[in-house]
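As a plain string of letters, each chain reads:
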Amino acid sequence: MDVKGKTKDNIKARLDVALFCNRQNMELVCDESRVAKPRASFVLEKNTQLLVYKWLKSLRFLDGHASNISRLVNMEECRLYGMKSHDCRVFIQTLIPLAFCDLLPNGIWDALTEISHFFRDICSIKLNVDHIERLETNIVETLCKLEMIFAPSFFVDSIEHLPIHLPFEEKLGGPVQYRWMYPFERLDIIVGM
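What you see is a predicted model, and the numbers here were worked out from it, not measured in a lab.

When its secondary structure is counted, the chain shows seven helices and four strands. Counting all 193 residues of the chain, 33% fall into the buried class. In the chain, of all internal contacts separated by at least 6 residues, the share reaching a separation of at least 24 is 58%. When the accessible surface of the chain is summed, it comes to about 13,000 Å², and 58% of that surface belongs to carbon and sulfur atoms.

With that settled, the discussion passes to helix α2 (residues 46-58). Relative to the 18 Å expected for 13 residues at 1.5 Å per residue, α2 spans 19 Å between its end C-alpha atoms, a close match to the ideal helical length. The complete set of buried residues in α2 reads Thr 48, Val 52, Tyr 53 and Leu 56. In an axial view of α2, the angular spread of the buried residues amounts to 140 degrees, which keeps them on one side of the axis. For α2, exposure combined with an orientation more than 90 degrees from the buried face picks out Asn 47, Leu 51 and Lys 54.

Where side chains of opposite charge bring their charged atoms close, a pairing between them can arise. With the rule as written, the count across this model stands at four salt bridges. Across the pair Arg 39 and Glu 45 runs a salt bridge whose closest N-O atoms are separated by 3.5 Å. Glu 45 sits in the partly exposed class, given a relative accessible area of 44%. Between Glu 136 and Lys 171 there is a salt bridge, with its nearest N and O atoms 3.1 Å apart. Of this pair, Glu 136 sits in helix α5 (residues 129-149) while Lys 171 sits in helix α6 (residues 166-173), placing them 35 residues apart in sequence. On the basis of relative accessible area, Glu 136 is assigned to the partly exposed category, the value being 26%.

The next point concerns helix α3 (residues 85-99). At Ile 92, α3 shows its maximal bend, which comes to roughly 45 degrees. Every buried residue belonging to α3 is among His 86, Asp 87, Arg 89, Val 90, Phe 91, Gln 93, Leu 95, Ile 96, Pro 97 and Ala 99, and all of these are buried.

With that settled, the discussion passes to the environment of Asn 68. Mapped onto the elements of the fold, Asn 68 is located in the loop between α2 and β3 (73-74). C-alpha separation for the pair Asn 68 and Asp 87, spaced 19 residues apart in sequence, amounts to 8.9 Å. Dropping the residues within four chain positions of it, Asn 68 is found in contact with Leu 59 and Arg 60.

We now examine the packing of aromatic side chains. Tallying each qualifying case throughout the model produces two aromatic pairs. Judged by centre distance (4.6 Å) and plane angle (55 degrees), the rings of Phe 42 and Phe 150 are tilted. In this pair, Phe 42 is assigned in the loop between β2 (35-36) and α2 and Phe 150 in the loop between α5 and α6, connecting sequence segments 108 residues apart. On the accessibility criterion, Phe 42 (28% relative accessible area) is partly exposed.

Conventions used here
Residues numbered from 1 in each chain as written. Predicted model: local features only at pLDDT ≥ 70, side-chain atom pairs only at ≥ 80, totals over all residues. Heavy atoms only, no water. Helix = DSSP H or I, 4+ residues; strand = E, 2+ residues; numbered from the N terminus. Buried < 20%, exposed > 50% of the residue type's maximum accessible area, 1.4 Å probe, protein only. Contact = heavy atoms within 4.5 Å. Areas by Shrake-Rupley, 256 points an atom, 1.4 Å probe, with all protein chains shown as cover. Expected span 1.5 Å × (residues − 1). Arc of directions from axis to C-beta. Salt bridge = Lys/Arg side-chain N within 4 Å of Asp/Glu carboxyl O. Bend = angle between axes of the 7 residues up to and from the residue. Phe/Tyr/Trp six-rings, centres within 6.5 Å; stacked < 30°, edge-to-face > 60°.

Below, the structure written as structure tokens:
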């Protein structure tokens, strides 16, 4: 939105960090003529990003597990292009803990690993009520850890708070493979549609 007199929400949220939060590492640095954002603790250096993309380029999966993620890597731009939702699910549930193990500070890696394991466990075939109740308790702490890492503007959308409701939905509806779309997308990958 380009409305006169309205600042970008991200910049306004970062200005609010100085007023309401106690996080000096996220505050904007204001000079006379410009505003600069300090480098976030979770941002990887260019050479470290290249290590991750080289690793992704060398990955091979079993047939039907995921598409060939190595084809989606663009080394020059350090980007992933054309990931389908099933590839994103595989990346979130299995690759994040492996890819960033030695590259991120422990607190950040722990929070990312916890959210990764949460989604892996919530998508499991077998259900255990005690385990689901533990997931229900732990996801609140995991989201609090993520809120301490990322800027408050990341959490303005309601989708970031959706994981809190997923264990309850799983208790009511049973395993997610009967309700979510991943099996059909996985079938598309296997058939090659």
